[in-house]
Amino acid sequence: MPVVGKLGMEYLCSQNWRLMIIETEHLIIRDFQEKDAVGLLEYLSHPRVNCFVSERLCSEESALAYISNTPKELLRYAVCLKEDDFIIGDVFALREEADTFNVGWHFNQCFEGKGLAYEATTEFLDYLFRDACARRVYGFVEDDNLRSKRLCKRLGMRYEGCMKEFISFVCDPDGAPRYEDTCIYAVLNKEWKNNKNR
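All values reported here derive from a predicted model rather than from experimental measurement. (Residues numbered from 1 in each chain as written. Predicted model: local features only at pLDDT ≥ 70, side-chain atom pairs only at ≥ 80, totals over all residues. Heavy atoms only, no water.)

Engineer: Looking at this model, I keep getting lost on the overall build of the protein chain. Mind explaining?
Structural biologist: Secondary structure summary: the protein chain contains six helices and eight strands in total. The order of helices and strands in the protein chain, counted from the N terminus, is α-β-β-α-α-β-β-β-α-β-α-β-β-α. Relative to its full complement of 198 residues, the protein chain shows a buried share of 49%. Summarising the internal contacts of the protein chain: among those between residues at least 6 apart in sequence, 61% fall at separations of at least 24. Taken as a whole, the protein chain presents about 10,700 Å² of accessible surface, with 52% of it coming from carbon and sulfur. (Helix = DSSP H or I, 4+ residues; strand = E, 2+ residues; numbered from the N terminus. Buried < 20%, exposed > 50% of the residue type's maximum accessible area, 1.4 Å probe, protein only. Contact = heavy atoms within 4.5 Å. Areas by Shrake-Rupley, 256 points an atom, 1.4 Å probe, with all protein chains shown as cover.)

The following block contains the structure:
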């Protein structure tokens, strides 16, 4: 059950809100804390998809910098196990318009296959629609990132297309840019509500 909403809709819909505590059956989604640096380093020292190569962390110091230097316009929260508050991933959203968010996530592969990513992202999207005034939420997913594509579908996000050779995050051994095919998945507030009522 989420623990949000006490600050009032007007405040949450302003540009200044950042407070986050959501509790689910197995997880807590909350603001980052310094103690998260070790767990964060565990899964971001070797990003599995090219779009996050620029976020690669190489030390606890770089993990602490990642935690403390979140851009003002980016909502980024730790996903932690409820039993011991250990970070297993994070969810993030960039407000692009007053009512539109670009979302994404990272999860430690050691905790895959347990439904935890779905549990976390379901509550995070619910939070964006319910408390952050989102009308539309969408995400970019590289075409070869099968786990995230499956998660988007499970969340009820609509496949809106694939942009061929859309962007390059890494280079081939010869130095030539390696362009990624990038898919777009999205869901509207009214669709989210309808899906939840089924």
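Let us keep going from here.
Engineer: Looking at this structure, how should I read the nonpolar core?
Structural biologist: Nonpolar side chains tend toward joint burial in soluble globular proteins. Core analysis: the largest hydrophobic core is formed by 35 residues, its most contacted members being F101, V103, F124, L128 and V137. Looking at this core, the elements with two or more residues in it are β2 (27-30), β3 (74-81), β4 (87-97), β5 (100-107), α4 (116-131), β6 (136-142), α5 (146-154) and β8 (177-188). Counting residues in hydrophobic clusters, the runner-up holds 13 residues, among them A37, L44, Y66 and C80. (Core = buried A, V, L, I, M, F, W, Y, C linked by side-chain atoms within 4.5 Å.)

Engineer: Hey, could you run me through α5 in this one?
Structural biologist: Residues spaced three or four apart along an α-helix face the same direction, because each turn holds 3.6 residues. Among the residues of α5, those classed as buried are S148, K149, L151 and C152. Burial along α5 is one-sided: seen end-on, the buried residues are contained in an arc of 160°. Exposed residues lying more than 90 degrees from the buried face of α5 are R150, K153 and R154. Here the buried face of α5 lies against β5, α4, β6 and β8. At the C-terminal side of α5, G156 shows a positive phi close to 85°. (Arc of directions from axis to C-beta.)

Engineer: What is the right way to read the pattern of salt bridges from this model?
Structural biologist: Pairing between side chains of opposite charge can happen when their charged atoms approach one another. Counting across every chain of the model gives 14 salt bridges. Salt-bridge contacts for E160 lead to R158; the nearest nitrogen and oxygen are separated by 2.8 Å. When its relative accessible area of 29% is taken as the criterion, R158 is described as partly exposed. Where K164 meets D181, a salt bridge forms, and the shortest distance between an N and an O atom there is 3.0 Å. Taken together, the residues span a long stretch of sequence, with K164 in strand β7 (residues 158-171) and D181 in strand β8 at a distance of 17 residues. Bridged by salt links that share partners, the residues R30, K35, D36 and D85 form one connected network. (Salt bridge = Lys/Arg side-chain N within 4 Å of Asp/Glu carboxyl O.)

Engineer: Is there a simple way to think about the pairing of β6 in this case?
Structural biologist: Side-chain direction in a regular strand flips from residue to residue, so the side chains alternate between the two faces of the sheet. Counted residue by residue, β6 has six buried out of seven residues, so it is predominantly covered. For β5 and β6, the ladder comprises three bridges, and the chain directions are parallel. The residue of β6 that forms the bridge with F101 is V137. Crossover handedness for the path β5 to α4 to β6: right-handed. One ladder, built from seven bridges, connects β6 with β8; its direction is antiparallel. By the bridge assignment for β8, F140 is matched with I184. (Pairing = 2+ DSSP bridges. Right-handed = clockwise from strand over helix to strand, strands pointing away.)

Engineer: What is the right way to look at the packing of aromatic side chains in this model?
Structural biologist: In this description, an aromatic ring pair is defined by two values, namely the gap between the centres and the angle between the planes. Tallying each qualifying case throughout the model produces six aromatic pairs. Taking 5.4 Å as the distance between ring centres and 85° as the angle between the ring planes, the aromatic pair formed by Y138 and F140 counts as edge-to-face. Residue classification places Y138 among the buried residues on the basis of a relative accessible area of 8%. One cation-aromatic arrangement involves R76 over Y66; the distance from NZ or CZ to the ring centre is 3.9 Å. The side chain of R154 reaches across the aromatic face of Y118, ending 3.8 Å from its centre. (Phe/Tyr/Trp six-rings, centres within 6.5 Å; stacked < 30°, edge-to-face > 60°. Lys NZ or Arg CZ within 6 Å of the ring centre and 35° of its normal.)

Engineer: How should the environment of F111 be read in this particular structure?
Structural biologist: Structurally, F111 is set in the loop between β5 and α4. For F111, the residues in contact, after removing those within four places along its chain, are L81, F86, I88 and L116.

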